[in-house]
Each structure stands twice: as C-alpha cells, then as structure tokens.
Amino acid sequence: MSPRPMRPPRRGLVPLCAWLVLGLAGCGTILPSGAATSSAEPSTDAESGPAAASASAYTLSSIDLGGDIAAPAIRRHLEALNAIAAEHGGIRTSGTPGYDASVDYVVGELRAIGYEVSTPEFEMDTFAELPGGTLTVSQGGPAFAAGDHTHAMIYSADGEVTAPVATVGFPDSAGGEGDQGCSEADWDEFPDGAIALTPPGPCLRRDTVLHAQEAGAAGLVVANEDWEPGEARRPTLLFPDQIEIPVLSVVDEVGDALAEAAEDGAEVRISVDTEIGTATVRNVVAEHGSEGPVVMVGGHLDSVLDGPGINDNGSGVAAALEVAHLLVDAGHPGTVRVGFWAAEEFGLHGSRDYVTGLVPEDIDEIAAYINLDMLGSVNGVPIVYSNAGAASGSSDITAFLAAYLEAQGIGAHPQDLGTGSDHFFFQEAGVPTGGIFSGASEEKTTDQAAAFGGEAGEPLDPCYHLACDTLDNVDAERVAAYAQGAAAAMWVIAAGELPPA
C-alpha cells in the first residue's frame, strides 16, 4: 500500500502562548522505522518551559470530573489484553487472530458504556520472517541465527547473498561518517555488489535501503550498538514496494563481527526467508454525544510481531478506554470520539487510512486529537508531545498537559516526537494535536533521573518491542495518572476553555 496524498492543512485553535517548545529529536523516540532510540532534550529548561510559562493561564483546581481514573481499572484492561495475547501465540499483531480478539474486546467495552462504535476496514501488507534465517561470516567466523541476534526488518525482501562487507556511515568508512547512510552522497564510494553495514541513522530505515539499492548493495545490515543478545528488534520499512534486497537489524555483537569482516576482506553469507501477504484489518472508532466540538483521543491497538505489547500499546488502549468511561460518567460537554488504530507497528497504516479518508468538513469538526502511546514505561519520563510541525493550537494542548502534570507533582518533559506515532497524520491534516508518552528503549539521563526519579543509564522501557512486554512491564499507577491528565485536557477543550482566555 502506498501513502495517499494529504489534504491541505486547516486553521486550528488560535495559540495564545508566546512560546513554542521545539524539542529536537535525533532518530526520534518512536519513529515508524522502529529504529534504535535516542533521548531528546526539550529546548527550554524546567523554569521557562510550558508549565512555568502558562500554569497561571489555567484554573486547574476548577477541573472536577467527578472521579479519578484508578490503577485497578487500568490493570483490568491490561490483564485482558495480556490474556488475549497468551491465547494467540503471544502476540496481538495486526492481521492475526490476536489482533481481531483485541478489536472485539475494545468494541465490547465501548458499547457497554454507551458509545456508538464502528470498525472501518482497510487492507494492509502483512509480513512474516520464516524460520531458518542465518548470517554467517566466512573464513571461520561466527554464525548467527535469526532471533536473539538478528531480525529481518518488516517488509525486507528474501534471498541468499554471499559477498564482502563494506561499511557506510561510520567514521572509518570510505566516505567517512557523513549522514550515517541517510544521504545519497554517503554511498558515493560504495563497492557494487557488497553487503552494506550501517549504524541507525537519523532517517527512516526505508530511505537508507533505497540509497543502498541505488548504490548496488546486495544486502543491508543495520547494527545497533546499544542492543545486547536477546534484544534484536524489528524496524519497519513501511511498505514492501521497491524493497529488493535482504535487510537485517542486528545487535552490537553481530555488528562488531561484520565490521571485522569488512576490515579483513572476509565474505558474509545472509540467508533470509520472508513472506509478504495482505490482510483486511479493522480500526475501531467510537463516539459519544452529538453537540459541540469533536475532541478525539486514541492510540494504536496492535502489538509488534515479537511480543504481546502490553506497554506498547496496551497501556494507551487501557488509558483511552478509561478516559472514554470517565468523560461519559462526568457528563462531558461536546462530542467525544475514541480511535484505536491498526497496523501502527507496520508504519502508522490505521491512522493514515482513517485521516486520509476524511473529507475537509470532517477534519474541520475535530477540535483536537490527543494520542496515548506507551504510558506505562517502568523507568519512564512524563513526556508531553511538543512537535515543531504541529498545527496551530497544539502548543496550548502541550501547555495544558504540562501544567496539569506539574500540578499533580508528576512533572513534565516536553519533547518533539516527530513522525513517531498516530498523531502524525492528524498533525499533517491541520488538526491540533497533543499526547503523552513515557519512553521506549532510550536510556534515562542523569538529569531525567534527578527530575523524575528512576534509574539513570537504564532504558525507560527495558522490554520495548520484545517478548517481555507483559503485565510486569507496565506501571499501572503511571498510566492512570497520565490518563487523568488526558481526560482533563479533553474536558477543557470540549468546554471551549482551551486555549485559555
């Protein structure tokens, strides 16, 4: 499936803040590529950020939703999703029975609290890496089987390749570090027919693959220096179209072996067996109320291919369900719409299909979209979306969420999350967007540990995109607190109190 062109942006809420936090993301925290992550600091400090600048603009104490979202309610949903995964091979991936069961669960929950629910369908490209894949260094070098050490990236081509290795994007590469394989110029000195070894660069993995193919690479391996054996993850190349070579993501140990092979002139054999098909999958869209502005909350419903996805993104699903419930109980103003998106882990396919299927009038009626993705990271940081490319009005949502979390004693860390989750297509369509996130595999910095607690030098989510992303990998108290903040933001937007007067 190819991306459809976006419609022109619309005018959103008029921002009344005199500042805009422009968090600078490198690879980003949750890029569609599923790339190795890196921490991104906000461009303002705690004293001058959105919470400090705008807390006085909101009368936070006046927000009374008549109740709080509690951790036991969050855990109930997490347990249900974990049980679904356990019954379906340990995953809830789009295009599988585990995903279908997840759809049925949230539909039942939403209808039980009075929402009108639809499940619009679309077709997606599926992917499977079949057993038996290997990467072997010749001349007595090591052999690595697919699994703990290597994975074919989603939509990689299959095939068997034996060739020498040439590095691209490292300081000692023929063309130097350059743009780490993300620019065409990085490949000027690449030897035709070699297997390329690159680091994870600051771009979509798909872009690196297309550059590699144009340069004549027989295969591509991306080495992630922060990944240990057992931590091999599976970035997505977004679509199978134009992907013609085997593409692997490997842990540090494999990258070291390939770098040595490149230096020694040793050949490497890659054997990859992949299968690409199609499936019809369902989004879930639910609505309550018919008056006033439409305020949306959503998050992706699918898991990765390699685990049950209870933090990523069972936590966002549980939070959105409880936000939906609380707003109905509180007699919300306006119209609440909830979206659960398919195939985010394959490249944001569900939210793209939904947004690009709207006519301009449909887009105009959406006052805001708040995205909830990975709220329960056990060593997490209270990150609020603060995207440089966000539509007018988004900075007010950032300000409110930051002020609310600060007022609760939680704190807030504004950050630009780029294209990394389902807010992106709403943002591109001109809808004011916001969201909350608690971090993926990037390590917590010393400053973050000092500000928010937890362990510096340890991943925010140690089980990001791995099989261990189970119930034990979620801080339900954290999820409940962030969900309460999202519900408060939706309330004030629907009541016409955001942006502040």
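Preceding this paragraph is the structure being described.
The paragraphs below set out a description of the structure included in this document. (Residues numbered from 1 in each chain as written. Predicted model: local features only at pLDDT ≥ 70, side-chain atom pairs only at ≥ 80, totals over all residues. Heavy atoms only, no water.)

So, on to a negative patch on the surface. Residues D172, E225, D226, E228, E253, D256, E260, E263, D264, E443, E455 and E458 make up a contiguous surface patch of negative charge. Along the polypeptide, E458 turns up in the loop between α11 (446-452) and α12 (476-494). The partly exposed category is assigned to E458, whose relative accessible area is 43%. (Patch = residues over 30% accessible without salt bridge, like charges linked within 9 Å, V, L, I, M, F, W, Y side chains within 5 Å. Areas by Shrake-Rupley, 256 points an atom, 1.4 Å probe, with all protein chains shown as cover. Salt bridge = Lys/Arg side-chain N within 4 Å of Asp/Glu carboxyl O. Lys, Arg positive; Asp, Glu negative; His and termini not counted. Charge placed at Lys NZ, Arg CZ, Asp CG, Glu CD. Helix = DSSP H or I, 4+ residues; strand = E, 2+ residues; numbered from the N terminus. Buried < 20%, exposed > 50% of the residue type's maximum accessible area, 1.4 Å probe, protein only.)

With that settled, consider the nonpolar core. Core analysis: the largest hydrophobic core is formed by 120 residues, its most contacted members being Y115 and F340. At 14 residues, α12 tops the list of elements feeding residues into this core. Residues V294, M296, V355 and I363 belong to the second largest nonpolar core, which totals 16 residues. (Core = buried A, V, L, I, M, F, W, Y, C linked by side-chain atoms within 4.5 Å.)

Here the focus is helix α7 (residues 349-356). Burial analysis of α7 places eight of its eight residues in the buried class, which makes it a mostly covered element. Within α7 the residues assigned to the buried category are H349, G350, S351, R352, D353, Y354, V355 and T356. Considering only its buried residues, α7 is in contact with β2 (121-129), β12 (284-288), β13 (294-300), β14 (335-341), α8 (360-364) and α10 (423-428). (Contact = heavy atoms within 4.5 Å.)

The sheet built from eight strands is open, its strands ordered β4-β3-β10-β6-β7-β8-β9-β5 with mixed pairing. Both edges of this open sheet fall to β4 (143-145) and β5 (150-152), since each of them pairs with a single strand only. Neighbour-to-neighbour, the strand axes of the sheet open up by a mean angle of 25°, direction not taken into account. Its contacts with the sheet place helix α5 (residues 252-264) against β3 (134-137), β4, β5, β6 (159-167), β7 (195-198), β8 (219-224), β9 (247-251) and β10 (267-272), and it is angled at close to 110° to β9. (Pairing = 2+ DSSP bridges. Axes fitted to C-alpha atoms, helices over the stretch in contact; angles between N-to-C directions.)

Okay, the sheet that holds strand β15 (residues 366-372) next. Strand order in the open sheet formed by eight strands is β1-β12-β14-β13-β15-β18-β16-β17, and the pairing between neighbours is mixed. Sheet topology places β1 (116-118) and β17 (413-415) at the edges, where each strand pairs with a single neighbour. Each adjacent strand pair in this sheet contributes to an overall mean axis angle of 20°, direction not counted. One ladder, built from three bridges, connects β1 with β12; its direction is antiparallel. By the bridge assignment for β12, E116 is matched with E287. Against the sheet, helix α3 (residues 97-112) touches β1, β12 and β14, its axis set at about 5° to β12.

Attention shifts here to the pairing of β8. Most of β8 is tucked away, with six of its six residues classed as buried. Both β7 and β8 contribute to a ladder of four bridges, which runs parallel. What sits directly across from A196, in β8, is L220. For the crossover from β7 across helix α4 (residues 205-214) to β8, the handedness is right-handed. Two strands pair when backbone bridges link them, and β8 and β9 are joined in this way by five bridges, in the parallel orientation. Bridge pairing in β9 links L220 to V247. (Right-handed = clockwise from strand over helix to strand, strands pointing away.)

Let's shift gears to the packing of helix α2 (residues 71-87) against helix α6 (residues 310-329). Interaxial distance between α2 and α6 falls to 9 Å at its minimum, and their mutual angle equals 130°. In terms of their interaxial angle, α2 and α6 are classed as oblique. Of the two elements, α2 crosses α6, and the hand of that crossing is right-handed. Facing A73, I74, R76, H77, L78, L81 and N82 of α2, the residues of α6 in contact are I310, G314, S315, V317, A318, A319, L321 and E322. Residue composition of the contact of α2 with α6, by class: nine nonpolar, four polar and two charged. (Parallel < 35°, antiparallel > 145°, perpendicular 65-115°, else oblique. Left-handed = near helix turned anticlockwise from the far one by under 90°. Nonpolar A, V, L, I, M, F, W, Y, C, P; charged D, E, K, R; others polar.)

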